[in-house]
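# Topology and contacts: notes
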Amino acid sequence: MSYNFETVKVEIADKVAKVILNRPEKKNAMSPQMHRDMTAALDQLRYDDDVKVLVITGAGNSFCAGMDLKGFFNELKGKDPAEYDRITRMATEWRGRTMRYFPKPTIAMINGFVFGGGFSVVEGCDLAIAADEATFGLSEINFGMFPGGAVSKSLANTMHSRDALFYGMTGRTFNGKKAAEMKFVNYSVPLAQLEAETMTVAKEIAGKELSALRATKDGYRFSLEMTWEASMSYTAAKEQEVFMAQKGGWLENGIGNFLKGDYKPGLGDQGAAKKK
Ligand code: COA
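A brief structural summary. Owing to the predicted nature of the structure, the values given are computational and were not obtained by experimental measurement.

Here the focus is the overall build of the protein. Broken down by element type, the protein carries 11 helices and 11 strands. In terms of overall dimensions, the protein is globule-like: its C-alpha atoms have a radius of gyration of 20 Å, near the 19 Å expected for 276 residues. Overall, the C-alpha framework of the protein stretches about 65 × 40 × 40 Å when taken along its three principal axes. Of all 276 residues assigned to the protein, the portion counted as buried reaches 48%.

The next point concerns the packing of aromatic side chains. Counted by the stated rule, this structure contains 15 aromatic pairs. Judged by centre distance (6.2 Å) and plane angle (75°), the ring pair of Phe119 and Phe174 falls under edge-to-face. One end of the pair, Phe119, is in helix H4 (residues 118-124); the other, Phe174, is in strand E10 (residues 173-175), and 55 residues separate them in sequence. Ring geometry for Phe243 against Trp250: centres 6.3 Å apart, planes inclined by 80°, an arrangement best described as edge-to-face. Note on Phe243: relative accessible area 30%, which makes it partly exposed. Residue Trp250 is classed as partly exposed on the basis of its relative accessible area of 30%. One aromatic cluster is present, formed by Phe119, Phe136, Phe166, Tyr167, Phe174 and Phe184 through successive ring pairs.

Take the site of the ligand next. The environment of the ligand is made up of Glu25, Lys26, Lys27, Ala29, Ala65, Met67, Asp68, Leu69, Phe113, Phe115, Ser139 and Phe143. Within the backbone of Glu25, an N or O atom sits 3.5 Å from an oxygen atom of the ligand. Contact with the protein chains covers 57% of the free accessible surface of the ligand, which is 860 Å².

Looking now at the side chain of Ser188. By the secondary structure assignment, Ser188 is in strand E11 (residues 187-189). Among residues more than four places away in sequence, those in contact with Ser188 are Ala130, Ala131, Asp132, Gly176, Lys177 and Ala180.

A few words now on the sheet that holds strand E7 (residues 113-115). Read from one edge to the other, the open sheet built from four strands follows the order E5-E7-E9-E10, with strand pairing classed as mixed. A strand with exactly one partner marks an edge of an open sheet, and here the two such strands are strand E5 (62-64) and E10. Averaged over all pairs of adjacent strands, the angle between strand axes in this sheet comes to 20°, irrespective of strand direction.

Rolled over the atoms, a probe with the dimensions of a water molecule shows which regions are left empty. Approximately 870 Å³ is the volume found for the largest pocket. Taken together, 29 residues form the lining of the largest pocket, with Glu123, Cys125, Asp126, Tyr220 and Arg221 sitting closest to its centre. At the level of secondary structure, the elements contributing two or more residues to the lining of the largest pocket comprise helix H3 (81-98), H4, strand E8 (127-131), helix H5 (151-158) and helix H9 (210-223). Per-element accounting of the lining of the largest pocket gives the leading share, five residues, to H9. Broken down by class, the residue content of the lining of the largest pocket amounts to 13 nonpolar, seven polar and nine charged. For the lining of the largest pocket, the two domains that each supply at least three residues are domain 1 (8-206) and domain 2 (210-275).

The rules we used
- Along every chain, residues carry numbers that run from 1 in the direction the sequence is written.
- Note on the predicted model: pLDDT of at least 70 is required for a residue's local features to be given, and 80 or more for side-chain atom pairs to be given and counted; whole-chain, interface and lining totals, by contrast, use all residues.
- Each side-chain value is worked out from all heavy atoms of the structure, with water and hydrogens disregarded.
- Secondary structure elements follow DSSP: runs of H or I of four or more residues count as helices, runs of E of two or more count as strands, with numbering from the N terminus.
- Taken over C-alpha atoms, the radius of gyration is set against a globule rule of 2.2 Å times the number of residues to the power 0.38.
- Burial classification: accessible surface area is computed with a 1.4 Å probe over protein chains only, and a residue below 20% of its type maximum counts as buried, one above 50% as exposed, and the rest as partly exposed.
- When the centres of two rings from Phe, Tyr and Trp lie within 6.5 Å, Trp using its six-membered ring, the rings pair. Their planes under 30 degrees apart give stacked, over 60 give edge-to-face, and anything left gives tilted.
- Note on definitions. A residue lies near a molecule or strand when any single heavy atom of the residue is within 4 Å of it.
- Definition of a polar contact: a pair of N or O atoms within 3.5 Å, with one able to donate and the other able to accept a hydrogen when the atoms are protein atoms, and with sequence-neighbouring residues admitted only if both atoms are side-chain atoms.
- Note on areas: these come from Shrake-Rupley sampling with a 1.4 Å probe, and a residue is covered only by the protein chains present in the view.
- Only heavy atoms matter for contacts: two residues are in contact if any of them lie within 4.5 Å across the pair.
- Being paired, for any two strands, means DSSP has found at least two bridges between them.
- Angular values range over 0 to 180 degrees, each being the angle between N-to-C directions of two axes fitted as lines to C-alpha atoms, with helices fitted over their stretch in contact.
- Cavities and pockets are found on a 1 Å grid laid over the protein atoms alone: a cavity is a set of points where a 1.4 Å probe fits but cannot escape, a pocket is an open set with protein on both sides within 12 Å along at least five of seven lines, and a lining residue has an atom within 4 Å of such a point.
- Grid points are joined across faces, edges and corners, and a volume is the space filled by probe spheres set on the points.
- Charged means Asp, Glu, Lys or Arg here, nonpolar means Ala, Val, Leu, Ile, Met, Phe, Trp, Tyr, Cys or Pro, and polar covers whatever is left, Gly included.
- Start and end positions for the domains come from either an automated domain assignment or a database one.

Spelled out as structure tokens, the structure:
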């Protein structure tokens, strides 16, 4: 199954949606249309029962070359303030909020260039796996700007201050291996193995229970901003939510089958880890 938008392609198989930023001739720079398309694609994927995990990647040799410097800045800034504001809001919303709190896990599969605003796409995803050969750069300083919009906050969320400020101030590039060393991505693999590796992880996660996956994300992300007491109260409420969503499944079958001796949850989920 697939959906096609003007600048975004979605391919769905085995409960995993591969979401492809699709302007390879422009290195997948985010044009106003791409922000509209990603907003629409994420809305459709949110409610698609055939999809449990999203893998975001780029067509060609680029993941995302950041904001479209021509179609966004050059053609809108100062010329059409209302449209500039509208697209800015859309651009920060889908990366900064929709993806961060998306009800399904998201994985960035980084196949090539990541510049400027592309950092926010990576940061908006729950997990990130990069090609060793990928090229990352906070290039804004090279044209006399700084990582604006959602990017500064993305850096503060996922990079150590020394790394964020070093690369933000020098505009130097770094590769996927370095991104992994800095923990901006989970890990990196040679480009030739990137798709197989990422899809293995995506399918593994797609085999888990969706309400528990969502609670894993929400529990982590919202707890970051909560006091201890608020977080305890929130996760107690979440536990009830998951219990009701599964009609008690984790207690009856999950824990129940362990207690019957059917499998060992410490070693994998049911089916994958039968009691030895
Ligand atoms: N915005 C608009 N157009 C972009 C773009 C961007 N962010 N990044 C690449 N493109 C366009 C190029 O202008 C070129 O268009 P053209 O064929 O009409 O001339 C096309 O994509 C291919 O890019 P090109 O520069 O020829 O490819 P390359 O492999 O030599 O270099 C990059 C690739 C990504 C290193 C280089 O294009 C670049 O530095 N882009 C700007 C990245 C950036 O600073 N992004 C931050 C934005 S906040």
